[in-house]
Amino acid sequence: MDWEEAACRLESRLDLSRIPRSVIERLDRLESVYLACSGGADSVFALLLLRSYLARQKRAGSLCVLHFDHALRGLASVGDAAFVRQMADALGIQFMDARAEWPGDLEQVSEAAAREARLAFFRRASGACEARPAWICTGHHADDVVETMLMRLSRGAGLQGLCAPRDVSGAGGGLHFLRPILDWGRDELRKELHLAQVPWREDESNRSDQNYRARLRKEAVPAWERAADRPLRKGVGRSRCLLAEDAEALDAAAAYFWRQCWDEGEMAFDRRQVASLPRGLQRRLLLLLPGGAGVAAEALELALAAVQAGDPLKLDVGQGSSYQFSAEWLRISKTEEGSGFADWEAFTLPIGTIAYLPDGARVSAERLCLDGALREKIVSGSNDDASNVYLDDGGNHGDRLWVRRRAPGDAFKPFGKSSPKKLKKLFIDRKIDRRDRDRLPVFVSEESGILWVPGIPPYADGKLGFGCDAALRLTYVR
């Protein structure tokens, strides 16, 4: 394969004026340009387009290709890495790669975990930090915009979600992304690669009906395109741009009201001032708080209701941070690892959130849909009830749980028992160390009482059956 010749064939067909102006402005200021390349058609096209643009500026040497092997597709992903390395070497482009290492069952690796591993590699490879930001180019295209819009609409996203993927965006920690090929559609860029005789790799997992995006790509988008009375990608792309403009305007307003409502001495928002603002600005102020960006939608709605009503609320949002809402202040608190338990009070755990206990242990509650393999594992009794349990949900546990320490007289009926048992006896039967008994959280539902204590089977009446499709997962990690 003569990559130089293939690149020249493609370059003669490229219209570089289609690269977004906002991307060009940043590319022209960068000393080092990184491009994330999986080996797929979109990222190969983006790589050759960027190489062409930089070569015209006599800056081809500033380009570096990054490849991350998620190690989830066996030999196929090994082949992807070899393909990208060979391409970069043949074109004389710097190349850096890494391979993920996952403990345990690969089927348990979530998309979020894979993404975090990939971002961590990008930060290491580029040296990105707040003091020294780095910019990574990606191969997102016009079809990604359409699919993302549909996905986010079905999940109830707001402006921030609906204007993704943006030309320019940030991932925190000094890491930023540029998307130079948003004006090209999937079929168009593949046609260009084919005409230039440029090869690429196919990820067969993208064809699986288990992947939501793939289902939209195969069924919903073609149906929408047939029903539309004008070019679909152009219209959705314009909507994304307009939504991005509105999001930027609201972000600027939120930054202004942050200065008006934030009390530096108290390290908190004035609740009354925040409550007087439109709900959309309240939402943005809460999301701007450290740790706030990761709060689940259901939890954020509860927090907004608490702001307006003046209700006290403790909302733990991960990474040792929690919102503490009083009648006067909306405060950020930090969980100090190793602090004592004497002052640990019960707190609400909205479904879909993560909380951190005073010793740094993490608890969470989330609703999820069960696939066949996971359902079989749970029903067969092979699940480890020391770290997580699954309960038949059906929405019967409301929108929040309570998490507290054990109390005298606590009793409930766990799986395998015909009647309620004292928690003290259950601890003894399960040989749970005395020193741990006061550390373990008690998950409580207002409707059903005690649902679970880590190390003990969960609430018997919440047992999953073979026909259950929805579950409530409770997790405890020390």
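The structure we're discussing is the one just above.
No experiment lies behind these values; they were computed from the predicted model shown.

**Student:** Please explain the overall build of the chain as it appears in this structure.
**Tutor:** For the chain, the helix and strand inventory stands at 16 helices and 21 strands. Against the compact-globule benchmark of 23 Å for 478 residues, the chain has a radius of gyration of 26 Å, which places it among compact chains. Overall, the C-alpha framework of the chain stretches about 80 × 55 × 45 Å when taken along its three principal axes. Within the span of the chain, comprising 478 residues, buried residues form 45% of the whole. Within the chain, residue pairs in contact and separated by at least 24 positions form 69% of the contacts whose partners lie at least 6 positions apart. When the accessible surface of the chain is summed, it comes to about 24100 Å², and 49% of that surface belongs to carbon and sulfur atoms. The average position of the 69 basic charges and that of the 69 acidic charges among the side chains of the chain differ by 2 Å.

**Student:** Which parts of the structure should I look at to understand unusual backbone geometry?
**Tutor:** Most of the time, phi is negative for any residue but glycine, and the peptide bond is trans. Each neighbour pair has its own omega, and for A164 with P165 the value is -5 degrees, a cis peptide bond. With respect to the helices and strands, the residue P165 is situated in the loop between α7 (159–162) and β5 (168–172).

**Student:** In this structure, what is going on with the packing of helix α6 (residues 142–154) against helix α10 (residues 232–261)? I would like to understand it.
**Tutor:** Helix-helix packing: each pair is described by the crossing angle between the helix axes and the interaxial distance. At a minimum axis separation of 9 Å, α6 and α10 run at an interaxial angle of 70 degrees. Judged by the angle between their axes, α6 and α10 are roughly perpendicular. Where α6 crosses over α10, the two elements pack in a sense that is left-handed. Where α6 abuts α10, its residues A142, D143, V145, V146 and M149 lie against L232, R233, V236, G237, S239, R240 and L243.

**Student:** Sorry, what's going on with the side chain of S364 here?
**Tutor:** Here S364 lies in strand β14 (residues 362–369). The exposure class assigned to S364 is buried, which follows from its relative accessible area of 6%. Non-local contacts of S364, meaning those with residues more than four positions away in its chain, are made with L349, T353, I354, F443, R473, L474 and T475.

**Student:** Before we go on, may I ask you to explain helix α5 (residues 111–126) in this structure?
**Tutor:** For an α-helix, 3.6 residues make a turn, and residues three or four places apart therefore share a direction. Spanning 16 residues, α5 covers 22 Å between terminal C-alpha atoms, matching the ideal 22 Å at 1.5 Å per step. Here α5 has its buried residues at A114, L119, F121, F122, A125 and S126. The buried residues of α5 all sit within an arc of 155 degrees when viewed along its axis, so they share a single face. Exposed residues lying more than 90 degrees from the buried face of α5 are A112 and R124. Buried-residue contacts for α5 involve β1 (33–36), β2 (63–69), β3 (94–99), β4 (134–137), β5 and β6 (175–178). Within two residues after α5, G127 carries a phi angle of roughly 70 degrees, on the positive side.

**Student:** Would you explain the pairing of strand β12 (residues 347–350) in this entry?
**Tutor:** The two faces of β12 match: F347 and L349 on one face and T348 and P350 on the other face are all buried. Judged from the four bridges that link them, β12 and strand β16 (residues 400–404) form a sheet pairing that is antiparallel. By the bridge assignment, L349 is partnered in β16 with L401.

Calculation criteria
- Residues numbered from 1 in each chain as written.
- Predicted model: local features only at pLDDT ≥ 70, side-chain atom pairs only at ≥ 80, totals over all residues.
- Heavy atoms only, no water.
- Helix = DSSP H or I, 4+ residues; strand = E, 2+ residues; numbered from the N terminus.
- Rg over C-alpha atoms; globule rule 2.2 N^0.38 Å.
- Buried < 20%, exposed > 50% of the residue type's maximum accessible area, 1.4 Å probe, protein only.
- Contact = heavy atoms within 4.5 Å.
- Areas by Shrake-Rupley, 256 points an atom, 1.4 Å probe, with all protein chains shown as cover.
- Lys, Arg positive; Asp, Glu negative; His and termini not counted.
- Charge placed at Lys NZ, Arg CZ, Asp CG, Glu CD.
- Axes fitted to C-alpha atoms, helices over the stretch in contact; angles between N-to-C directions.
- Parallel < 35°, antiparallel > 145°, perpendicular 65-115°, else oblique.
- Left-handed = near helix turned anticlockwise from the far one by under 90°.
- Expected span 1.5 Å × (residues − 1).
- Arc of directions from axis to C-beta.
- Pairing = 2+ DSSP bridges.

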